[in-house]
Amino acid sequence: MPSIEARHLTKRFGSVPALDDASFRFEDGGAIGYLGPNGAGKTTTLKLFSALLRPTGGQALLNGVDVSADPKSALWGVGAVVETPEPYPALTGRETLAMIGEFHGLSREEIRDRTERYAALLELPPLDRRTGQLSKGQKQRIVLAATLLPEPSVLLLDEPTSGLDPAERVIIRNLLVRLKPEHRLVLMSSHLLQEVTEICDRVIFINRGKILLEDTVDHLATRFRVTTLDVEFGGPVDASTLARLPGVTRVQSLSPQRYRLEFDGSDDARARILEGCQKIGRVLSFSSASLQLEDAYLSLIQGAPRT
Amino acid sequence: MGSPGHQTGPKYDPPLTRPSVEQLPGDLAQFKVAFRYQLRSYLRTWRFIGLLLFVLLISVAILLVQLHRGVAAVTTTNPTASDYLVTYLAFLGDAVIIVAAFLGGDALAIDLAGGPGYLMLTQPVRRSTLLAGRYLAALVTGTGIGLVYYAFAAVAVQYFYGTVPSGILLSFGLALLFLLAVLAVAFFFSSFFRNPTVSIVASLLILIIGFPIVTELGTLTGVEPWFSLDYGSQAITSVLASNFSHESTMQVGAGHRAMITVYAFSPYPWEGAVIMAVYLVVFLALTYRIFLRKEVRG
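Residues numbered from 1 in each chain as written. Chains lettered and ligands numbered in written order. Predicted model: local features only at pLDDT ≥ 70, side-chain atom pairs only at ≥ 80, totals over all residues.

### Quick notes on the sheet that holds strand β4 (residues 57-62) of chain A
Residue and element names in this part refer to chain A.
1) Next: Strands sit in the order β2-β1-β4-β5 across an open sheet of four strands; the sheet is antiparallel. Each of the sheet's edge strands pairs with one partner strand only, and the pair in question is β2 (16-27) and β5 (65-66).
2) Next: The pairing of strand β1 (residues 3-13) with β2 spans eight bridges and is classified as antiparallel. By the bridge assignment for β2, R12 is matched with P17.
3) Next: Sitting on the sheet, helix α1 (residues 42-49) is in contact with β1, β2 and β4, with an inclination near 65° to β2. (Pairing = 2+ DSSP bridges. Helix = DSSP H or I, 4+ residues; strand = E, 2+ residues; numbered from the N terminus. Contact = placed C-beta atoms within 7 Å. Axes fitted to C-alpha atoms, helices over the stretch in contact; angles between N-to-C directions.)

### Some thoughts on the interface of chain B and chain A
1) Next: At the interface, 39 residues of chain B touch 48 residues of chain A.
2) Next: Among the elements of the structure, α1 (27-44) and α7 (116-120) of chain B are those that each provide at least two residues to the side of chain B that touches chain A.
3) Next: Classifying every residue of the side of chain B that touches chain A by side-chain character gives 19 nonpolar, 15 polar and five charged. (Nonpolar A, V, L, I, M, F, W, Y, C, P; charged D, E, K, R; others polar.)

### Considering the domain arrangement of chain A
1) Next: Taken domain by domain, chain A comprises domain 1 (3-216) and domain 2 (227-290).
2) Next: For domain 1 of chain A and domain 2 of chain A, the distance between their C-alpha centroids amounts to 45 Å. (Domains from an automatic or database assignment.)

### Observations concerning the nonpolar core
Nonpolar side chains tend toward joint burial in soluble globular proteins.
1) Next: Grouped together as the largest cluster of nonpolar side chains are 161 residues, with contacts concentrated most on A181, V182 and A184 of chain B.
2) Next: Among the elements that line this core, the one with the most residues is helix α9 (residues 167-192) of chain B, at 17 residues.
3) Next: For A184 of chain B, the residues in contact, after removing those within four places along its chain, are Y279, L280, F283, L284 and T287 of chain B.
4) Next: One finds L229, Y259, I273 and C277 of chain A within the second-largest nonpolar core, a separate group that totals 11 residues. (Core = buried A, V, L, I, M, F, W, Y, C linked by C-beta atoms within 7 Å. Buried ≥ 20, exposed ≤ 12 C-beta atoms within 10 Å, placed from the backbone.)

### Examining helix α2 (residues 46-69) of chain B
All names here are of chain B.
1) Next: Between its first and last C-alpha atoms α2 spans 34 Å; for 24 residues at 1.5 Å apiece the expected length is 34 Å, and the two agree.
2) Next: Where α2 is concerned, the buried positions are F48, L51, V55, S59 and Q66.
3) Next: G70, located one to two residues past α2, shows a positive phi value of around 95°. (Expected span 1.5 Å × (residues − 1).)

### Some words on the packing of helix α5 (residues 92-104) of chain B against helix α8 (residues 127-161) of chain B
All names here are of chain B.
1) Next: Interaxial distance between α5 and α8 falls to 10 Å at its minimum, and their mutual angle equals 150°. Relative to α8, α5 is oriented roughly antiparallel. In the crossing of α5 with α8, the sense of the turn from one axis to the other is right-handed. Residues L92, A95, V96, V99, A100, L103 and G104 of α5 form the contact with α8, whose participating residues are A138, T141, G142, I145, G146 and Y149.
2) Next: Here the residues of the contact of α5 with α8 sort into nine nonpolar, four polar and no charged. (Parallel < 35°, antiparallel > 145°, perpendicular 65-115°, else oblique. Left-handed = near helix turned anticlockwise from the far one by under 90°.)

### Structural notes on the pairing of β1 of chain A
All names here are of chain A.
1) Next: From the end of β1 to the start of β2, which pair antiparallel, there are two residues, and G14 there has a positive phi angle of about 70°.
2) Next: Where β1 meets β4, five bridges bridge the pair, whose relative direction is antiparallel. By the bridge assignment, R7 is partnered in β4 with Q59.

### Thoughts on the confidence of the model for chain B
1) Next: The predicted model of chain B averages 87 in pLDDT, with 91% of residues at 70 or higher.
2) Next: Note on residues 1-12 of chain B: pLDDT under 50 across the span, and 23 contacts to partners over four residues away in sequence or across chains. (pLDDT = per-residue confidence, 0-100.)

### Overview of unusual backbone geometry
Residues and elements named next belong to chain A.
1) Next: If you check the backbone angles, E151 has positive phi at about 50° while not being a glycine.
2) Next: Structurally, E151 is set in the loop between α5 (136-148) and β7 (154-158).
3) Next: Among the residues examined, E151 registers 19 C-beta atoms within 10 Å and is labelled partly exposed.

### Quick look at the packing of α8 of chain B against α9 of chain B
Residues and elements named next belong to chain B.
1) Next: At a minimum axis separation of 10 Å, α8 and α9 run at an interaxial angle of 145°. Where α8 crosses over α9, the two elements pack in a sense that is right-handed. Between α8 and α9, the contacting residues are Y135, A138, L139, G142, T143, G146, Y150 and A154 on the first element and I168, F172, A175, L176, L179, L180, L183 and F187 on the second.
2) Next: Residues belonging to the contact of α8 with α9 are distributed by class as follows: 13 nonpolar, three polar and no charged.

This is the structure:
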């Protein structure tokens with residue numbers, strides 16, 4: 001059963017803590033989104049798991065093997081795309097895939113078959129061209145194909161669609177969605193909340209090297225659900241009157257006629273607020289929205305709990 | 001770019017499980033893979049072609065100059081075939097250094113700088129395996145280029161003297177040892193610096209300027225520079241010299257007031273071999289230690 005585990009994992013660069021006593025454990029299949037602003041410690045974590053950095057304290061374990069103590073065994077059955085890996089420019093795409101396959105002990109037939117499969121799935125560029133002649137996005141897809149070629153049970157992905165054009169992003173995202181039911185364990189850092197929502201089952205929020213929260217995407221959406229109502233009146237309205245309406249928890253003035261009201265999201269409250277607004281003045285528009293994961297992210301990162 | 005990948009393409013395989021540890025390829029098998037692809041990489045670069053042309057150019061230039069001088073003039077200057085080879089191989093040391101610096105100077109730095117390192121160093125392969133594969137690939141490539149130089153030397157000596165001295169084989173062996181040592185120094189710089197260009201330049205500066213200065217200081221002070229790699233490399237030609245002298249002195253200057261004594265040292269072949277072997281072992285050990293522990297911070 002694939003597993004990823006951090007045990008009090010700590011990394012300092014001089015006196016600066018890039019990752020501070022992080023602990024989590026995931027096993028079996030599934031995709032975990034690793035979210036946080038720039039400099040939060042996401043890439044540091046993934047580098048510690050892929051043996052590019054050595055921890056100052058604690059352990060990073062892949063499939064139960066300590067990465068620092070035995071990187072070869074720990075990375076066996078693991079694929080990692082951290083930062084922006086590049087193939088050797090003098091080798092062709094096919095040779096790059098073959099080299100990685102051979103490192104993993106794949107037979108020629110396995111390498112050939114899987115190369116064809118990933119060439120189709122990732123719409124790879126001509127594989128007999130040297131990778132030094134390819135665009136950044138094409139190289140990135142070659143690297144992803146090379147990473148997937150040994151069919152790893154654990155995948156570590158660091159912003160896998162970063163720097164790609166929209167069409168390339170769709171290709172990678174669709175592939176990752178397709179990998180989900182295959183009992184692989186994916187730890188993926190990203191800035192793109194929409195992407196994380198589509199691909200991941202669970203999320204970890206990290207900021208300033210500290211793990212803030214770890215939960216399922218569904219549970220977070222409920223836990224941080226803050227629904228807003230945007231109301232536009234025919235003329236100026238007093239904000240304090242709106243704040244006294246039953247169910248309204250916060251009022252934000254957008255203009256003398258337009259207000260954003262926060263409430264618990266229930267249908268009853270929404271109906272009562274609409275009724276109240278119509279008593280206060282002529283309502284020109286009344287719309288609601290729920291930001292869910294993005295709202296949770298901002299609440300946590302800004303350190304202002306809203307529940 | 002066409003439609004998204006999940007709508008086209010072949011059928012995907014069923015869920016996977018982690019392969020058992022027994023299937024993990026051994027270090028020797030992975031070493032062969034690292035060597036093969038690194039060698040292929042070297043042979044395809046403009047750098048390799050440039051180095052080969054550089055050595056060819058030196059070899060051809062020497063040969064043409066000597067052909068222009070004629071057989072009589074050449075055999076008068078160098079009475080024996082071995083002495084002729086000493087003259088011919090005078091540029092070999094610098095050629096070996098340049099070849100080794102360009103092959104080894106960025107062999108590890110290219111990974112430590114990021115880029116290819118993010119692909120290679122995240123594989124289930126020991127860094128020592130990668131290091132060994134790359135070192136051997138650089139050695140094979142460098143040896144191939146060195147063979148060109150020696151082939152021209154053998155052809156030239158056969159033409160002018162009608163024989164090829166057997167000492168050329170020993171000289172080639174010592175040149176190979178020098179290449180091993182110089183590559184170890186270049187790999188050391190490559191493991192030390194994260195910038196491939198800085199690593200190559202540092203290797204060139206130390207090997208072409210640093211060590212010869214140390215050797216020259218010995219000439220002026222009368223101390224045998226047994227600690228200099230450059231001095232050890234002189235065994236490549238001293239093994240061929242017909243009138244070998246380990247130490248000699250010369251008075252230089254005009255008039256008795258300005259006379260200074262200049263010392264000249266030549267290593268015994270065994271001595272040169274030991275110096276080069278020590279450099280090889282020490283610098284490879286340092287490289288191994290640094291490369292294994294170096295972090296890729298990006």
